Amino acid sequence: MSAQESKSPNAEVTHDEHTHHHGREVPEEVKVISNANARLANPLRGIPHERLMQDVEVFARERGLTHILSDLKKGALLAQDSDAYKRSDEFTPDERRILEDEVTHKWRQTGTLYYMVVMSSLAAAVQGMDEAVINGAQLLYPKQFGIDTSTSHGSWLVGVVNSAPYLCCATISCWLTHPMNQYFGRKKTIFITCAISFITCIWSALTNSWWHLFISRFFLGIGIGPKSATVPVYAAECSPAPIRGALVMMWQMWTAFGICAGDMVDLAFYFIPDSGGIRGLNWRLMLASAGIPGLIVCTQVLFAPESPRWLISKGRYDDAFKELCRLRFSPVQAARDLYYIHVLLEAENEMKRGRNRVVEMFTIPRNRNAALASWIVMFGQQFCGVNVIAYYSSNIFSASGFSTPSALAASLGFGALNWLFALPAVFTIDTFGRRNLLLFTFPCMAICLLITGFSFWNPSENGRLAGVSIGIYLFAIFYSPGEGPVPFTYSAEAFPLYIRDIGMSFATATTWFWNFVLSITWPSMELAFKPQGAFGWYAAWCIILWFLILLFVRETKGKTLEELDQVFLIPARVHAAYGLKQIPYGIKKFMLFQNPEPVELYHVESGSETGDEKKEILDVAASGA
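Note that the structure is a prediction, hence the values are computed from the model and not measured.

K.L.:
How should the overall build of the chain be read in this particular structure?
P.N.:
When helices and strands are tallied, the chain shows 27 helices and 4 strands. Sequence separation of 24 or more characterises 77% of the internal contacts of the chain that already satisfy a separation of 6 or more. Summing over all exposed atoms, the chain offers an accessible surface of approximately 25200 Å²; the carbon and sulfur share of this is 63%.

K.L.:
Even after reading the chapter, I still don't get the packing of aromatic side chains, so can you show me in this structure?
P.N.:
Think of a pair of aromatic rings as described by two things: how far the centres are apart, and how the planes are tilted against each other in angle. Under the defined criterion, the tally for this structure stands at 34 aromatic pairs. An angle of 85° between the planes, with centres 5.6 Å apart, marks the rings of Phe145 and Trp283 as edge-to-face. Of this pair, Phe145 sits in the loop between α7 (141-144) and α8 (152-205) while Trp283 is found in helix α11 (residues 281-289), placing the two residues 138 residues apart along the sequence. Its relative accessible area of 14% is what places Phe145 among the buried residues. Taking the centre distance of 6.3 Å and the plane angle of 5° together, the rings of Phe475 and Tyr479 count as stacked. On the criterion of helical spacing, the pair formed by Phe475 and Tyr479 is a turn pair, its members being 4 residues apart in helix α22 (residues 461-479). Overall, the relative accessible area of 5% leaves Tyr479 in the buried class. Put simply, the rings of Trp375, Phe379, Phe383, Phe513, Trp514, Trp522, Phe535, Trp537, Tyr538 and Trp541 pair up and form one aromatic cluster. Stacked on the ring of Phe590, the Lys or Arg Lys589 has its end atom at 5.9 Å from the ring centre.

K.L.:
Even after reading the chapter, I still don't get the environment of Phe440, so can you show me in this structure?
P.N.:
As for its placement among the helices and strands, Phe440 is situated in helix α21 (residues 434-454). What makes Phe440 exposed here is its relative accessible area of 53%. Sequence-wise, Phe440 and Trp546 are 106 residues apart; in three dimensions their C-alpha atoms are separated by 8.8 Å.

K.L.:
Got a minute to help me understand the nonpolar core in this structure?
P.N.:
Counting residues in hydrophobic clusters, the biggest one holds 92 residues, and the most contacted among them are Tyr141, Ile396, Phe442, Phe475 and Trp522. Top element by residues in this core is helix α24 (residues 500-552). It accounts for 17 residues. Each of domain 2 (110-304) and domain 3 (357-569) accounts for three or more of the residues forming this core. Not counting residues up to four positions away in its chain, the partners in contact with Ile396 are Val388, Phe456, Val468, Ile472, Trp522, Glu526 and Phe535. Formed by 35 residues, the second largest nonpolar core is a distinct cluster that contains Ile47, Leu72, Ala84 and Tyr85.

K.L.:
Where do I start with the side chain of Ser204 in this structure?
P.N.:
Among the structural elements, Ser204 can be located in helix α8. Exposure remark for Ser204: the relative accessible area of 4% places this residue in the buried category. In terms of polar contacts, Ser204 uses its side chain to reach the side chain of Ser216, at 3.1 Å. Each residue touching Ser204, except ones within four places of it in the same chain, is listed here: Leu213, Ser216, Arg217, Trp283 and Leu287.

K.L.:
Any chance you could explain helix α2 (residues 49-62) here in plain terms?
P.N.:
Working note: α-helix, 3.6 residues per turn, so residues spaced by three or four point in the same direction. Look at α2: 20 Å from first C-alpha to last across 14 residues, which is about the 20 Å you get at 1.5 Å a residue. Taken together, the buried positions of α2 are occupied by Leu52, Met53, Val56, Phe59 and Ala60. Looking straight down α2, one finds that the buried residues subtend no more than 120° of arc, so they occupy a single side. Exposed and facing more than 90 degrees away from the buried side of α2 are Glu50, Arg61 and Glu62. Gly64 occupies a position one or two residues after α2 and carries a positive phi of about 65°.

K.L.:
Is there a simple way to explain the packing of helix α17 (residues 365-383) against α24 in this structure?
P.N.:
Helix-helix packing is characterised by the crossing angle of the two axes and by the distance between the axes. Orientation of α17 relative to α24, taken along the N-to-C sense of each, is 155°, at an axis distance of 2 Å. Considering their axes alone, α17 and α24 lie roughly antiparallel with respect to each other. In terms of crossing hand, the pair formed by α17 and α24 is left-handed.

K.L.:
Quick question: what am I supposed to make of unusual backbone geometry here?
P.N.:
Excluding glycine, residues mostly carry a negative phi; peptide bonds, for their part, are mostly trans. Phi angles above zero are rare outside glycine, and Lys530 is one such case at about 65°. Among the structural elements, Lys530 can be located in helix α24. A relative accessible area of 48% means that Lys530 is categorised as partly exposed. With phi around 55°, Phe593 is a residue other than glycine that occupies positive phi space.

K.L.:
Got a minute to help me understand empty space enclosed by the protein in this structure?
P.N.:
Empty pockets left among the atoms are what a rolling probe the size of a water molecule brings to light. Throughout the structure, instances matching the rule amount to 4 cavities of 30 Å³ or more. Lining the largest cavity we find 19 residues, and of these Glu131, Gln252, Thr255, Gln381 and Asn387 sit closest to its centre. Ranked by residue count, the leading element in the lining of the largest cavity is helix α10 (residues 241-270), at 5 residues. Looking at the lining of the largest cavity, its residues break down into 8 nonpolar, 10 polar and 1 charged. Of the domains in this structure, domain 2 (110-304) and domain 3 (357-569) are the two that each give at least three residues to the lining of the largest cavity.

K.L.:
Whenever I open this one, the pattern of salt bridges confuses me. Can you help?
P.N.:
For side chains bearing opposite charge, pairing can occur when the charged atoms are close. This structure, assessed with the given rule, holds 16 salt bridges. A salt bridge links Asp337 to Arg336; the shortest N-O distance between them is 2.9 Å. Both residues of the pair, Asp337 and Arg336, belong to the buried class. A cluster of three or more residues bridged by salt bridges with shared partners is formed by Glu102, Arg328, Arg336 and Asp337.

K.L.:
What exactly am I supposed to notice about helix α4 (residues 93-104) here?
P.N.:
The first and last C-alpha atoms of α4 sit 16 Å apart over 12 residues, in line with the 16 Å expected at 1.5 Å per residue. All of the buried residues in α4 are Glu95, Ile98, Leu99, Asp101 and Glu102. The arc enclosing the buried residues of α4, seen along the axis, measures out at 150°, which places them on a common side. In α4, those exposed residues whose orientation departs by more than 90 degrees from the buried face are Pro93 and Val103.

K.L.:
Whenever I open this one, the environment of Gly46 confuses me. Can you help?
P.N.:
Positionally, Gly46 belongs in the loop between α1 (28-41) and α2. Here Gly46 falls in the exposed class, since its relative accessible area comes to 68%. Residues Gly46 and Gln80 lie 34 residues apart in sequence; the distance between their C-alpha atoms is 8.4 Å.

K.L.:
Where do I start with the confidence of the model for the chain in this structure?
P.N.:
As a note on interpretation, predicted positions should not be read in detail where pLDDT is low. Averaged over every residue, the pLDDT of the chain is 85; the share at 70 or more is 88%. For residues 1-24, every residue scores under 50 in pLDDT, and the model assigns this stretch 65 contacts once sequence neighbours within four places are set aside. Confidence drops under a pLDDT of 50 for residues 603-625, and excluding neighbours within four residues, the segment shows 55 contacts in the predicted structure.

The rules behind these values
Residues numbered from 1 in each chain as written. Predicted model: local features only at pLDDT ≥ 70, side-chain atom pairs only at ≥ 80, totals over all residues. Heavy atoms only, no water. Helix = DSSP H or I, 4+ residues; strand = E, 2+ residues; numbered from the N terminus. Contact = heavy atoms within 4.5 Å. Areas by Shrake-Rupley, 256 points an atom, 1.4 Å probe, with all protein chains shown as cover. Phe/Tyr/Trp six-rings, centres within 6.5 Å; stacked < 30°, edge-to-face > 60°. Buried < 20%, exposed > 50% of the residue type's maximum accessible area, 1.4 Å probe, protein only. Lys NZ or Arg CZ within 6 Å of the ring centre and 35° of its normal. Core = buried A, V, L, I, M, F, W, Y, C linked by side-chain atoms within 4.5 Å. Domains from an automatic or database assignment. Polar contact = N/O pair within 3.5 Å; in protein donor to acceptor, adjacent residues only side chain to side chain. Expected span 1.5 Å × (residues − 1). Arc of directions from axis to C-beta. Axes fitted to C-alpha atoms, helices over the stretch in contact; angles between N-to-C directions. Parallel < 35°, antiparallel > 145°, perpendicular 65-115°, else oblique. Left-handed = near helix turned anticlockwise from the far one by under 90°. 1 Å grid on protein atoms, 1.4 Å probe; cavity = no way out; pocket = protein on both sides within 12 Å on 5 of 7 lines; lining within 4 Å. Points joined across faces, edges and corners; volume = space filled by probe spheres on them. Nonpolar A, V, L, I, M, F, W, Y, C, P; charged D, E, K, R; others polar. Salt bridge = Lys/Arg side-chain N within 4 Å of Asp/Glu carboxyl O. pLDDT = per-residue confidence, 0-100.

Structure follows, in C-alpha cells:
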C-alpha cells in the first residue's frame, strides 16, 4: 500500500472543515471515525521533513535496515507524497522514470508480480470448479446411491450433499481464516486450502454412499472458505496501488471461469463408460478433476512471494524488503512500500487498542449503515438465484426436456456467458457505479427468472427448451457485470479502515450462509412448487432486493475515505426518502422520456475558507446519525 492510494484532490481538506453544517455539529462518534479514517488514510500527512527523516533513521536502526537507509529516506518522501520525486534532487533519472511509469504505464510490472497474478487467478478457478463439478455429477450419483429424487426425502438428500461445503464455510471455515492467516501467513494458507481441495476432491470420487459423499464435501468447505478470503487479500497486499482494484476484481472473474471449466469437465467426462469394475466412473472423474488445479497452485505457491504486509506484521522487515524488491522494479519503490506499510500498521494498531470493534460495527450509526448495505448486497448475491443455476442448471435443463448430454452442454453455455460477461465488469463497475448497476440489473434478472419458470408451462417441447435457455442465458448476461462483482467490491470499501477486516468477515459469512440455504432448499422447493413457483420465488426476491438497494444501499464509486464517512453518515430514513423520490424521477426520465430535475442527495456549497466547492450532506447533523 502506498500514498498514491490515498492521494486525492481534496486530500488536504481536514476533518474540521466537515464537522459543521449550517452551524450544527456532527455527533462525537462520527468525529472519532472520521479522525480514524484520516489517520489511516495517510499517517505521514503533515509531518515536517526533518522529523520525517529522523523517524526514518530511528526506524532503520530499530529494524536492522541501516544498509538501505538511503532508499528508505527517499521511500518515506514518496510515501508521504507520491509526487516528491518531481521536486527532489535525491532521485536518479532511472528512479524518476520508473516512478513515472507507475502512473503512465501502470500495467508495466515485474515478472514476479504477474506470476502472483496467474497463481491467484488459478486459485480462483479452483474455487469455481469446486462449486461447479457437482452440477453434472448430481445427474448420475443419486441413482447409484439409491436416491429417488422424485420424492421429498430424496430431494432433501441431494440438497444436503450439494450444500455441504457451504455449511462448513458458514459455520467453521470462514472463522478459521483469521487464525490461519495469522499463524501460517498468506502463502501457506493458500497452499493448505488448495491441498485440502485436492485431497477432498479425490476423496469425493471414492465415496459409495450419500453420507460419505456429504462428509467429504463438508471437508471441502475448509478448502473453500479461507481461500475465498485469503487470495484477494494476498493479491491486494502484493500489488501496487494503481492496479490493486483491478487485480482484486479478477477473483470474481476467474471464479466464473472456474465454473465454466467445471461445466466443461462435466460434459467431457459424461461419456466415459465404467471400466475395471468401477461403477460411476464418469461422475467420479467429474468430482476428482476439480482437485487438479488445486494441486497446480500448491506447486506454484512454493515460488511465489510472501505478503510483505504479513511479514512486517511479524517483525520480519528484511524479508519483507526482499519480497518487495521481487515485486517492484526499484529498491526505492520497495522502500517506499515497506515504510508506508509499517506506519500504516502502527496507526491501525493504535486505533484498535482498547476498542470493541465488533460492538462498534453495529452501535455506531455510520458503521451500522455500512453493515446494513453490505448485508443487503451479500444476501442479494445469493437470493437473486444465481447459484440455483450454477449448482443445478443440469437438472433444470434436463427437467425442461433436454437429454442428459444436451443438458450438460446447455450448462456449459451458462458457465461461458457468466465468465465472458464478467470480463467487462472491471470497467463497468467504475463507470456506472455500484448502486446504478444493481438497480438496473435486478429487475432484468427478475424478468429472466420469470421467463425461465413460465416456460415450463409451454406445451411445445421446442418452445419450452428455447424459453428456459433464453431465460437462463439472459440472466447470466445481466448478473455477471452487476451483482457478480459488486458485493465483494462494495463491502471492501464501505467499512471504515479500522473495522474493515471484521466487516469483511461479517460480509463473507453472510454470503456463505445464504449460499448454504439456497443450495440445500432448491431440490425440495422445485419438487414442491414446480419450476414455475421456484423460479417465481427468486424473481420476487429480485424485486424485493431492488427496493432494499434503492432505499438503503449508498453509492460508493470514486469517493475518498472522508466522503465515504459522509455518505454513510446519512440516517437510513433520510436515504430511504431519497430513494423513494428517485422512483417518479426514473419513470419520467426513462419511461416517459421527459427531462425532470434530478433528485439530489447532496448539494454543493462554497463555504470553505479557501472558496473551494465541497460536497455536504443535507441535514446530517440535525437529523442525527
